[in-house]
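# Analysis of the macromolecular model
Chain residues, written in single-letter form:
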Amino acid sequence: MKHYKCDVLVVGGGGAALRAAIAARELDPQCRVILVTKGKLGTTGTTANSCSDRMAFHATLPHTEPGGEDAWKYHADDIYRLGGRVSDYDLAVILAKKSCEAFEYLDSLGVPFVKKDGKAHQFVTDGSKYARACYTGPKTAIHIEEALVRRARELNLEVVENSMVVSLVVEDGAIAGAIGVNEEEKILVFETPAVVLGTGGGGEVFEYNVYPSGATGDGYALALRAGASLVNMEFIQIGLSSVKTKLACSGSLMRAVPRFVNDQGEEFLLKYFPEGTTWMGVYNVVFEKGASWPVSCEHASSQIDIAVFKEITKGRKVYLDFSANPQGFRFDQLKAENRQRYAQEISNPVSEAERDASPLMRLKEINSASIQWLKDHGIDLEKGEMIEIVPAAQHFQGGVKIRERGNTEIKGLFAAGECAGGQHGANRPGGNALLDCQVFGKIAGEAAVEYAKTISSRVRWTAERLNNVSKEELIWTGNEGIEMVKPSEKDARSIDALDLKREVQRLMGRYVSIVRTYEGLKIAWQRLGELERYKVRRGGLSLIEYYECLNLLLVAKATVFACLQRWESRGPHLFFESEEDLKPVPGNPDYEKYFVIRYRGNELVAEAQVPVRPTDMGG
């Protein structure tokens, strides 16, 4: 057993966790801060591993459109409006108002943002009228992670690597400590009054996701078991991605208008569109899909996601084919505004005849670098190879319910970044995820220090009280019935942890992905309930991997339970009356509320709550 004592414990290794730990140390250099990460610092987590065509950091700066002292209001309104009015407006205001400060801090750390005339260059992302997206290029997130790691080392931040926090200790409604394990399978006991969760999302609850390994929703599970609440867990951004490379197939890959074909060579999109739709009508939607990659019921492009999902559920594979034009395609018959958008992206001009010849030539014209990137990662479009695609999880919009200081219902427990919930609704403006990590990471880190100072005289939980506790009792062993057993033990109601993970992923991919129905969600819910009563054998997994599998089960349950509350469509939550339907049920104004999920005894319960509205703030 290893024993640590600190003022603030930060859990996670990505952008939110690093910003929280740094902010805590900068606020009070005498404060002892420990950061626990499941891998090596700077290599794990979404921020350290994310890459896209032009990754955005959303910020309202002094020169940002439309200008003026109130420019932040447009940013806050975009967050709330695009979120479907199911987020807390006051948190949107905080994000918007603090975005400039967050950008300037990263800029001071040397993040190489692209600038013109000394000012950050900004572009328009989905959901925004004005250009706010700052960037360094495809590796904006990675550059942010690298800068934060450098700053953490300058501050001599104490880091516990290759370790996982598996339980929070709560006494009288307040944090008293935490328990973890490391790769050597030693028990770690943390005596601390304040914990900041910055553990990211739970992408691995789906087999197909664009997350790095280890994204198992640990913060959601930790918070739920400790007595905190989750919110908006039904809103998970899902988009069409390459099976082989995990590349999000958005932007120029869609604007080149490739063929969508199944493994029988059939171009299938038209049969999933409304009767009377022409092929060119479909292709305009394909083009526009480039700017609305995550599925959203508010966009016509969701018809493409639905079509791909339905083909896959029929047992077929789906591909993007760039070798030949789709049936009946003519570039000059695209909408004028789409042709204009295309023209703005031309970087390697070709002749009109070449542009009309194939999607590959169009991709060469607007993003030749993507062709080389795919080749480097095993897909050679120039040889006619196709990109197999699936709907893949990309971002959890909800999470641990927080308020203005990143605080939860449990005293001393804070959350930030994708782990937190309430600041985003059903959708979010592109680039707001990176912003969120920095704004609420700083807020939560500082709030944790301030809280810890107020209880310095309080008698804290210590490892000595656990001297006579066995390893099995010390570490959380799951909800009712789930426990770690030796592989040799035989039980008709037992399952290997890896098989548990695969079954959870199968259920989520089939019933909680693009097409959601009450019947399908109930099947998933009932099966997850059965799995919860199994004994889970560790098998050949490490102890950390074992606990990740247990966390995935709880994250899946919370997500399905949240989906069952919302009998309408909003954002990425596409709710259908039956799986045969091609259109989801419409949104309902009565559902402009969020659902808060928590434990009551051993049962999950849901409560509908009205979010903080602009009118609540005099707006």
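Here's a quick rundown of the structure.

### Brief notes about the environment of P429
With respect to the helices and strands, P429 occurs in the loop between β20 (420-421) and α12 (432-454). Residue P429 is classed as buried on the basis of its relative accessible area, which comes to 0%. P429 sits 302 residues away from G127 along the chain, and the two C-alpha atoms are 5.0 Å apart. In contact with P429, other than residues within four places in its own chain, are H58, D78, I79, L82, T125, D126 and S128.

### Regarding the packing of aromatic side chains
Evaluated as defined, the whole model comprises 17 aromatic pairs. Measuring from ring centre to ring centre gives 5.6 Å for Y220 and F396, while their planes differ by 35°; the resulting arrangement is tilted. Of the two residues, Y220 sits in helix α5 (residues 218-226) while F396 sits in strand β17 (residues 387-396), which places them 176 residues apart along the sequence. Here F396 falls in the buried class, since its relative accessible area comes to 1%. Judged by centre distance (6.3 Å) and plane angle (80°), the rings of F268 and Y272 are edge-to-face. The class of F268 is buried, set by a relative accessible area of 0%. Judged by relative accessible area, which is 6%, Y272 ranks as buried. Members of the aromatic cluster, each reached through a chain of ring pairs, are F57, F103 and F113. Over the ring of F331 we find R355; its NZ or CZ atom is 5.6 Å from the centre of that ring. It is K593 that lies over the ring of Y591; its NZ or CZ is 5.4 Å from the centre.

### Side note on helix α15 (residues 518-532)
Taking 1.5 Å per residue as the helical rise, α15 with its 15 residues ought to reach 21 Å, and the 21 Å between its terminal C-alpha atoms agrees with that figure. Here α15 has its buried residues at G520, L521, A524, L528, G529, L531 and E532. Check the buried side of α15 and you find it contacts β22 (494-496), α14 (497-511), β23 (516-517), α16 (543-565), β25 (575-576) and β26 (594-600).

### Section: the nonpolar core
Judged by nonpolar contacts, the single largest core of 150 residues is most densely connected at L9, F57 and L197. Considering every element that reaches this core, the biggest residue donor is α16, with 17 residues. Here L197 is in contact with V11, G219, L222, A223, V400, L413, F414, A415, A416 and C419, once residues within four sequence places are set aside. Core analysis: the next-biggest nonpolar cluster, separate from the first, contains 39 residues, F273, M280, V286 and I366 among them.

### With respect to the sheet that holds strand β16 (residues 318-321)
Whether parallel or antiparallel, the strands of a sheet pair through hydrogen bonds between backbone atoms. One open sheet accounts for four strands, arranged β14-β17-β16-β15; its pairing is antiparallel. Here the strands that pair on one side only, and so sit at the sheet edges, are β14 (236-242) and β15 (259-262). This sheet shows a mean twist of 45° between the axes of neighbouring strands, independent of strand direction. Bridge count between β14 and β17: seven bridges; the pairing is antiparallel. By the bridge assignment, S241 is partnered in β17 with V390.

### Observations regarding the sheet that holds strand β11 (residues 187-191)
The strand order across the open sheet formed by four strands is β1-β11-β10-β9, and the pairing between neighbours is mixed. Looking at which strands have only one partner, the edges of the open sheet turn out to be β1 (2-5) and β9 (163-171). Direction aside, the axes of adjacent strands within the sheet are offset by 20° on average. Across eight bridges, the pairing between β9 and strand β10 (residues 174-182) is antiparallel. Bridge pairing in β10 places S167 opposite I179. Sheet strands in contact with α16 are β9 and β10, and its direction is about 55° off that of β9.

Calculation notes
- Residues numbered from 1 in each chain as written.
- Predicted model: local features only at pLDDT ≥ 70, side-chain atom pairs only at ≥ 80, totals over all residues.
- Heavy atoms only, no water.
- Helix = DSSP H or I, 4+ residues; strand = E, 2+ residues; numbered from the N terminus.
- Buried < 20%, exposed > 50% of the residue type's maximum accessible area, 1.4 Å probe, protein only.
- Contact = heavy atoms within 4.5 Å.
- Phe/Tyr/Trp six-rings, centres within 6.5 Å; stacked < 30°, edge-to-face > 60°.
- Lys NZ or Arg CZ within 6 Å of the ring centre and 35° of its normal.
- Expected span 1.5 Å × (residues − 1).
- Core = buried A, V, L, I, M, F, W, Y, C linked by side-chain atoms within 4.5 Å.
- Pairing = 2+ DSSP bridges.
- Axes fitted to C-alpha atoms, helices over the stretch in contact; angles between N-to-C directions.

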